[in-house]
Amino acid sequence: MKMFKTKTTSLLIGLTLGLGAASSAYSQESLEDVMKARGLTQKDLLAAAKTYTPTGGRDEYLAFSSGGQSGHVIVYGIPSMRILKYIGVFTPEPWQGYGFDDESKAVLAQGRINGKDIVYGDTHHPAFSEKEGDYDGRYLFINDKANPRLAVIDLHDFETKQIVVNPFFKSDHGGAFVTPNTEYVMEASQYAAPYSDEFVPLEEFNSKYRGGVTYWKFDDKKGRLNPDESFTFELPPYSQDLSDAGKNASYGWGFTNSFCSERYVGGIERGRPPFEAGCSQKDTDFLHVTNWKKAAELVAAGKVKKVNDAYLITMDQAVKEGLLYLIPEPKSPHGVDVSPKGDHIIVSGKLDSHAWVYSWAKIQDAIKNQKFEAKDPYGIPIISLKDALHKQVQVGLGPLHTQYDAKECVVYTSIYVDSMVTKWDYCEGKVLDQLNIHYNIGHLLTMEGDSVSPDGKYLVSLNKLSIDRFNPVGPLHPQNHQLIDISGEKMQLLYDMPLPLGEPHYVVAIKADKLKPAVRYKSGWDSRTDKKHPYKTRAGREKVVREGNRVHVYGTVIRSHITPEIIEVEEGDEVSIHLTNLERAQDEVHGFAMYGQNVQLSIEPGKTASTTFVADKAGVYPYYCTEFCSALHLEMQGYLLVKPKGYKAKATDMQEGQQYTKADYDKQVKTNVETQAVIDSVVAFITSHNYKDFKTVVDLVTDATDQLGFAEEAKKKAEDFAAKGDYQNATLWAGQWWQYQVKTADLGLRAKTFLEENGAKKIK
Ligand code: RUQ
Ligand code: CUA
């Protein structure tokens, strides 16, 4: 222990004197040597130079990927392809305390279905909030296909704030797609089912099973979806698929694909041919065109009835009001993607080799002139293909999704069966370039590719299979995201990134500088409700409040202790521990884990997080901080003592492990005086520079000042005990005084380093 102290002190001094004097040991090898040793070509080097991001470097774009079956969202940088974060959405995630603290448990509980906790999601399509059709960097939405739900993630802190359950569907796929001013978020069903939770035999499929598309109203002020103002279009049981919101020319409209418009129901065990046979008989399926703008007006005017406590626009009403049309589209289509100007809509059929380009102007004409070729069995008018089609273009076998380039008329379509990306011109209808990928591409994304102003630059191919691309890791392979440079005429493959967390279906990428994430919360903040936490606690105000057998602990965490360090309750008590992180400095997160109670919190600076459990068994329950937050992190610990009912204390005094004398006290004080000299020199450096111009440094200095204040208090206690000749307590408090000094110095040194690295100017 003593040795450690001296070591730390000299370390501090060392840091103060000569920081940044390392880095001399680069060997003399040349680029050619490395190329030879690793078997790299010129082309490889070029690709590497386009993705390599030197230490400290940042990415130009941030990609938000669906986490597939993991129920999370994965955030990575482009072009470096470095993973930056997993965001817990539908699934508990212990690092973030998601699904472990009371606050996030309440978010997950919003996603219960029929009273059942659903603790995973099959996430498919993330979507950014938009302003005038451009990503505004404020929110991200994502759907869960298995349990028809949508989640709202606030990009101010990258946390999930809300989960809503669809009031009608039993699965979804065509979500999340956002209207140009985030008025609504689209969620289309996938597998038709009855709208009620009752049993309905499959024999009644055509009459009682339904699909649909829900437009979830987004309340921009609250940053939450509002079920009370949301509405759903009842649709035929056609297995609705992907959707997209119209923009510019097609603003106010939404587009939703379908497959299996045959309405075929399989049943191998009943002797019926399987779904796949009956669902691919017809040459075309239907694109559903819905007018959400007019529908919203009907809802506002009180003209739409509620079913299941939510607005439902029946097919009859939609047809009568002219809100719903069908257009034939290629066999078993998948993606539907509206062009940036909103004047074209591209659909590809998985079982076709063409991409079909529809003209919005033609569709509008047909609607205006009430020119329909027929009605479907539910009375919905069908616009004929020739009255809607602009072009049919041969792009390859199994086209799925299309993304737009910054260059007008240029798009990229993923070709699943042929495993390639086709670059083509949808105005002229000609193929421009093709690139093989490995293997079986699903979605693809270009930078800001589904906004009104795509950036082009990079394309990421989301491959369903990775087969032999990476070191084998057993039968379950990672997915492969391949980065492609699309800035030139020819596409160039740059990089393979394995993604080992579920099957990410879709990814959206945003210019990094559009995001303004916080580094801390306002002190005592409930991050899930975005309000002051009712149990927020300030330094020195920690307390334990008991009402009957309900115990609330108002605690704090700061380097390097948890207050309280000893919590005493009785067997059978229901205990809530609320911890507020008092730090302001960036990245000073504390964790909180406890033996045997399924407790793991992540308490970021400013946050208050709570855990509630019943202390049903008498015993000793150590707890500690789970983030290596300082040199004395391991000592950031405590005990929950659950006493048997009616327990009477037997022992009197603590059994001290060590006795201290005046000599020990003097030695500690000497160390402290030396440490103070280090602190003073750091302070002198900081205050002699324009540190106030650096927000990060100001925060560090605020925290350091706090710690120094605590050091003062501890110093006073030590001196009082010494004056009374109680060298036991005097030495211990002198030790605590030193602890606060170390933390002050640590913060100070970080501030000093920051100033040095960011070109602070000397002012005196
Ligand atoms: S999916 S590979 Cu969007 Cu769910 Cu297309
Ligand atoms: Cu706080 Cu470790």
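## A short note on the sheet that holds strand E27 (residues 430–436)
Reading across from one edge, E24-E25-E26-E27 is the order of the 4 strands in this open sheet, with antiparallel pairing throughout. Each edge of the open sheet carries a strand with a single partner, namely strand E24 (399–404) and E27. The average angle at which neighbouring strand axes cross in this sheet is 25°, direction not considered. Strand direction decides the pairing type here: strand E25 (residues 410–415) and strand E26 (residues 420–425), joined by 6 bridges, are antiparallel. By the bridge assignment, Ile415 is partnered in E26 with Met420.

## So, helix H12 (residues 727–757)
For the α-helix, the turn length of 3.6 residues means that residues three or four positions removed from each other point alike. The end-to-end C-alpha distance of H12, which contains 31 residues, comes to 44 Å, matching closely the 45 Å that a straight helix rising 1.5 Å per residue would cover. Counting buried positions along H12 gives 22 out of 31 residues, so the element sits mostly inside the fold. Where H12 starts, the residue carrying a side-chain oxygen 3.3 Å from the main-chain nitrogen of Gln728 turns out to be Asp726. Immediately downstream of H12, the backbone of Gly759 shows phi near 65°, a positive value.

## Quick notes on the environment of Gly709
Here Gly709 is to be found in helix H11 (residues 695–723). For the pair Gly709 and Asp337, spaced 372 residues apart in sequence, the C-alpha to C-alpha distance is 60 Å.

## Notes on the side chain of Ser451
The residue Ser451 is located in the loop between strand E28 (441–447) and strand E29 (456–463) in this model. A relative accessible area of 1% places Ser451 in the buried class. Within the structure, Ser451 has its side chain in polar contact with the backbone oxygen of Glu448 (distance 2.8 Å). Among the polar contacts listed, one links the side chain of Ser451 to the backbone nitrogen of Ser453, at a separation of 3.1 Å. Each residue touching Ser451, except ones within four places of it in the same chain, is listed here: Gly133, Asp134, Tyr135, Lys247 and Pro340.

## Topic: the nonpolar core
Counting residues in each nonpolar core, the largest one holds 48 residues, and the members touching the most others are Phe231, Phe233, Phe255, Ile345, Tyr358 and Ile363. Per-element tally for this core: the top contributor is helix H7 (residues 292–300), with 5 residues. Val553, Val599, Leu601 and Phe613 belong to the second largest nonpolar core, which has 24 residues in total.

## Remarks on helix H4 (residues 102–109)
The set of residues buried in H4 consists of Glu103, Ser104, Val107 and Leu108. Take H4 and look down its axis: the buried residues cluster within an arc of 135°, on one side only. Next to the buried residues of H4 lie strand E7 (159–165), strand E33 (525–526) and strand E42 (608–614). Among the residues of H4, the N-terminal cap falls to Asp101, whose side-chain oxygen and the backbone nitrogen of Glu103 are separated by 3.2 Å.

## Observations regarding the packing of aromatic side chains
Within this structure, the stated rule accounts for 27 aromatic pairs. Consider the rings of Trp253 and Trp360, whose centres lie 5.3 Å apart with planes at 65°: the pair is edge-to-face. Taken together, the positions of Trp253 in strand E13 (residues 253–258) and Trp360 in helix H9 (residues 360–368) put the pair 107 residues apart, joining distant regions of the chain. Taken as a pair, Trp253 and Trp360 share a single burial class, namely buried. When the ring of Phe694 is compared with that of Phe754, the centres are 6.1 Å apart and the planes differ by 75°; the resulting orientation is edge-to-face. In this pair, Phe694 sits in the loop between helix H10 (662–687) and H11 while Phe754 sits in helix H12, placing the two residues 60 residues apart along the sequence. According to the relative accessible area criterion, Phe754 is partly exposed, its value standing at 25%. An aromatic cluster of at least three residues, connected via ring pairs, comprises Tyr184, Tyr215, Phe231, Phe233, Tyr251 and Trp292. The residue whose ring lies beneath Lys350 is Phe259, and the NZ or CZ to ring-centre distance is 5.3 Å.

## Observations concerning the pairing of strand E40 (residues 590–594)
The buried count for E40 comes to 5 of 5 residues, which makes it a mostly enclosed element. Looking at chain direction, E40 and strand E41 (residues 599–603) are connected through 5 bridges and run antiparallel. If you follow Phe592 over to E41, its bridge partner there is Leu601. The turn joining E40 and E41, which pair antiparallel and follow one another in sequence, is formed by 4 residues; a positive phi near 65° is taken by Gly596.

## Some thoughts on the domain arrangement of the protein chain
Domain boundaries assigned for the protein chain yield domain 1 (2–51), domain 2 (61–514), domain 3 (525–643) and domain 4 (662–757). Centre-to-centre, using C-alpha coordinates, domain 3 lies 25 Å away from domain 4. Facing the 12 residues of domain 3 at the interface are 15 residues of domain 4. Looking at side-chain class alone, the side of domain 3 that touches domain 4 contains 5 nonpolar, 3 polar and 4 charged residues.

## Details of the site of ligand 1
Taken together, His124, His125, His173, Leu242, His334, Leu400, His401, Gly442, His443, Lys464 and His505 make up the full set of residues near ligand 1. When residues of the shell around ligand 1 are traced back to their parent elements, those giving at least two are strand E4 (123–131), E24 and E28. When its residues are assigned to classes, the shell around ligand 1 shows 2 nonpolar, 8 polar and 1 charged.

## Comments concerning the state of the cysteines
Disulfides are covalent bonds that connect the sulfur atoms of two cysteines. Considering all chains together, one arrives at 2 disulfides under this definition. Each disulfide pairs two cysteine sulfurs, and for Cys260 the partner residue is Cys279, the sulfurs being separated by 2.1 Å. As the torsion about the S-S bond is roughly -60°, the Cys260-Cys279 disulfide counts as left-handed. Note that Cys260 is positioned in the loop between E13 and helix H6 (275–278) and Cys279 in the loop between H6 and strand E14 (284–291), a separation of 19 residues in sequence. The class for Cys279 is buried, based on a relative accessible area of 13%. Each disulfide pairs two cysteine sulfurs, and for Cys409 the partner residue is Cys427, the sulfurs being separated by 1.9 Å.

## Comments concerning the confidence of the model for the protein chain
Summing up the model confidence of the protein chain, the mean pLDDT is 94 and the portion of residues at 70 or higher is 96%. Confidence drops under pLDDT 50 across residues 1–25; counting only partners more than four residues distant or on other chains, this segment forms 26 contacts.

What counts and what doesn't
Residues numbered from 1 in each chain as written. Chains lettered and ligands numbered in written order. Predicted model: local features only at pLDDT ≥ 70, side-chain atom pairs only at ≥ 80, totals over all residues. Heavy atoms only, no water. Pairing = 2+ DSSP bridges. Helix = DSSP H or I, 4+ residues; strand = E, 2+ residues; numbered from the N terminus. Axes fitted to C-alpha atoms, helices over the stretch in contact; angles between N-to-C directions. Expected span 1.5 Å × (residues − 1). Buried < 20%, exposed > 50% of the residue type's maximum accessible area, 1.4 Å probe, protein only. Polar contact = N/O pair within 3.5 Å; in protein donor to acceptor, adjacent residues only side chain to side chain. Contact = heavy atoms within 4.5 Å. Core = buried A, V, L, I, M, F, W, Y, C linked by side-chain atoms within 4.5 Å. Arc of directions from axis to C-beta. Phe/Tyr/Trp six-rings, centres within 6.5 Å; stacked < 30°, edge-to-face > 60°. Lys NZ or Arg CZ within 6 Å of the ring centre and 35° of its normal. Domains from an automatic or database assignment. Nonpolar A, V, L, I, M, F, W, Y, C, P; charged D, E, K, R; others polar. Near = heavy atom within 4 Å. Disulfide = S-S within 2.5 Å. pLDDT = per-residue confidence, 0-100.

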